[in-house]
Each structure stands twice: as C-alpha cells, then as structure tokens.
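Descriptive structure summary
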Amino acid sequence: AQRVTQPEKLLSVFKGAPVELKCNYSYSGSPELFWYVQYSRQRLQLLLRHISRESIKGFTADLNKGETSFHLKKPFAQEEDSAMYYCALQGGSEKLVFGKGTKLTVNP
Amino acid sequence: NAGVTQTPKFQVLKTGQSMTLQCAQDMNHNSMYWYRQDPGMGLRLIYYSASEGTTDKGEVPNGYNVSRLNKREFSLRLESAAPSQTSVYFCASSLSSNQPQHFGDGTRLSIL
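On a predicted model such as this, the values are computed, not experimentally measured, just so you know.

To continue, consider the nonpolar core. Within soluble globular proteins, side chains that are nonpolar generally end up buried alongside one another. Counting residues in each nonpolar core, the largest one holds 24 residues, and the members touching the most others are Trp35, Leu72 and Tyr85 of chain A. Mapped onto this core, the elements with two or more residues apiece are strand S2 (10-14), strand S3 (19-21), strand S5 (31-38), strand S6 (45-49), strand S9 (83-91) and strand S11 (102-107) of chain A. Of all the elements, S9 of chain A adds the most residues to this core, at four residues. When sequence neighbours within four positions are dropped, the list of residues in contact with Tyr85 of chain A reads Gln6, Leu21, Trp35, Tyr36, Val37, Leu47, Phe59, Leu72, Gly101, Thr102 and Leu104 of chain A. Counting residues in each nonpolar core, the second largest holds 19 residues, with Leu13, Leu21, Tyr47 and Cys91 of chain B among its members.

Printed below as a string of structure tokens:
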C-alpha cells in the first residue's frame, strides 16, 4: 500500500533561516514523488516533482530511496514561503496519495 | 486557459439539503478527481474518474455521488447534507492518472 507521512503538522522558522519539510513514504516499487504548495486561501499548485530535478522558488527535494524520504529544503526561507505544503506519491499506475500536510510559517 | 473551474466558491446548506458541486476543466485532461480538505486531515480523495465514462470510489466516498458528464465536467453531489460534510472541496484533473494534478480554487461548504 502507498502511504505518505509528513511528521510535522506545523513548522516555524525565521526569515533567512534554512528550512526542511520532511516527507517519508511507503511503497514497494519505484515511486514518483511530488511537492504541492497551497498559499493562503489559494488552490494547490505543483511545486516540484522528483523526476525533473528542478529548483523552484529556491526549493529542492532529493529522493532518498534508502531512507524512503523526499524532504523539501530551502537554504534561506522568505516570508512569502509561508504556506501549506503537501508531499504526494504516485506508484505505478495508481492515483496520487497525499500526506496530511505541513504548515510552514516564516517569521520576520 | 482557465484550467480547472469550480462552482460555487461558497455555499451554506441546512442539514438534509442536497447540493451539486460543479467542476470543469479546459485542458483536455482524461482524469478528474474530487477531494475534501479538513484541518489536520490533509487532502482525502472522495471519488475519481480515470477517464470519461468511468468513476471509482476514493478514500471517503460515503454520502457522495459523482457524475462524469463528459470529458470536461465532473460533478459531486451531496444527496442529504450532514454537518460532517462541512469542508473545503477541491476538484483536480490530470492528463492521465499517473500525471501531476491541476487543482481548482475550491468550494467552501458549510452545513448547519
């Protein structure tokens, strides 16, 4: 069964500090992993997916198959990064499974 | 392109009333989804439609029905609304079921 765990419901950092949002997954095959972001009262948007290996808005995420993790990182957080972040997994032809989300607050 | 459009944006219902949430996408996507978003619960899949003409239950289908009217439109119906269905409902679509999903703005539904 596919499962995504985001252990932190809330994460608070100061502007300019590094931030890491944790995501662990459970899946027996080769997963596709995504990070979605939802700014206050807006729609969810795809932030990045692991296969594209991009850096979006300064965020990166590396798939670690040994640790079954896909943590989202940014070296210097900005106030506009405050949002709800969802990690999601897709295994094979199965539909997307979301974690419960982490609310990031970046304080001035 | 409007992407995924949901109507209405807000709705207040009384317990027992019925309601249909509308969703349309203009991206020629094959797959469409309905989620509910509740504090501390994340996004939970209610129903999805992998392709036109098919619908399947998700994680929390009880109390809901769906109709894939055509390739563009996927509606969610509450036959007899209950306070436990107070939530924010999101519709999403994707080119196929294993592609990234695009979301609508959501419908805030309150049931008194």
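Read on for the rest.
Another aspect to go through is the sheet that holds strand S1 (residues 4-7) of chain B. Residue and element names in this part refer to chain B. The antiparallel open sheet is built from four strands, whose spatial order is S1-S3-S8-S7. Looking at the sheet topology across the chains shown, the edges are occupied by S1 and strand S7 (64-68). Looking at each pair of strands side by side, their axes are set apart by 15° on average, direction ignored. Pairing analysis gives three bridges linking strand S3 (residues 19-25) to strand S8 (residues 74-78), with the strands arranged antiparallel. Note on S8: the bridge partner recorded for Thr20 is Arg77.

Residue and element names in this part refer to chain B. Relative to the elements of secondary structure, Pro83 occurs in the loop between S8 and strand S9 (87-94). Pro83 gets classed as partly exposed once you look at its relative accessible area, which sits at 46%. In this structure Pro83 touches Thr15 and Ile111, once residues within four positions along its chain are discounted.

Another point: the packing of aromatic side chains. Following the criterion strictly, the structure yields 12 aromatic pairs over all chains and no others. With 5.5 Å between their ring centres and 90° between their planes, Phe98 of chain A and Tyr35 of chain B make a pair best called edge-to-face. Of this pair, Phe98 of chain A sits in strand S10 (residues 97-98) while Tyr35 of chain B sits in strand S4 (residues 31-38), each in a different chain. Summarising the aromatic geometry, the rings of Phe98 of chain A and Phe103 of chain B are spaced 6.0 Å apart at their centres and angled 75° between planes, so their arrangement reads as edge-to-face. Here the residue Phe98 of chain A occupies a position in strand S10, and Phe103 of chain B occupies one in strand S10 (residues 102-103), the pair thus bridging two chains. On the basis of relative accessibility, which here comes to 9%, the residue Phe98 of chain A falls in the buried class. Grouping aromatic residues by their ring pairs yields a cluster made of Phe34, Tyr36, Tyr86 and Phe98 of chain A together with Tyr33, Tyr35, Tyr48, Phe90 and Phe103 of chain B.

Counting residues at the interface gives 21 residues for chain A and 20 residues for chain B. Between the two partners, chain A and chain B, sit one salt bridge. Among the ionic pairs, Asp105 of chain B bridges to Arg43 of chain A, the shortest N-O distance being 2.7 Å. Looking at the side of chain A that touches chain B, the elements that each hand over two or more residues are S5, S6 and S9 of chain A. The element best represented in the side of chain A that touches chain B is S5 of chain A, accounting for four residues. Counted by class, the side of chain A that touches chain B contains seven nonpolar, six polar and eight charged residues.

How each quantity is defined
- Residues numbered from 1 in each chain as written.
- Chains lettered and ligands numbered in written order.
- Predicted model: local features only at pLDDT ≥ 70, side-chain atom pairs only at ≥ 80, totals over all residues.
- Heavy atoms only, no water.
- Core = buried A, V, L, I, M, F, W, Y, C linked by side-chain atoms within 4.5 Å.
- Buried < 20%, exposed > 50% of the residue type's maximum accessible area, 1.4 Å probe, protein only.
- Helix = DSSP H or I, 4+ residues; strand = E, 2+ residues; numbered from the N terminus.
- Contact = heavy atoms within 4.5 Å.
- Pairing = 2+ DSSP bridges.
- Axes fitted to C-alpha atoms, helices over the stretch in contact; angles between N-to-C directions.
- Phe/Tyr/Trp six-rings, centres within 6.5 Å; stacked < 30°, edge-to-face > 60°.
- Salt bridge = Lys/Arg side-chain N within 4 Å of Asp/Glu carboxyl O.
- Nonpolar A, V, L, I, M, F, W, Y, C, P; charged D, E, K, R; others polar.

These figures come from the coordinates and say nothing about function on their own.
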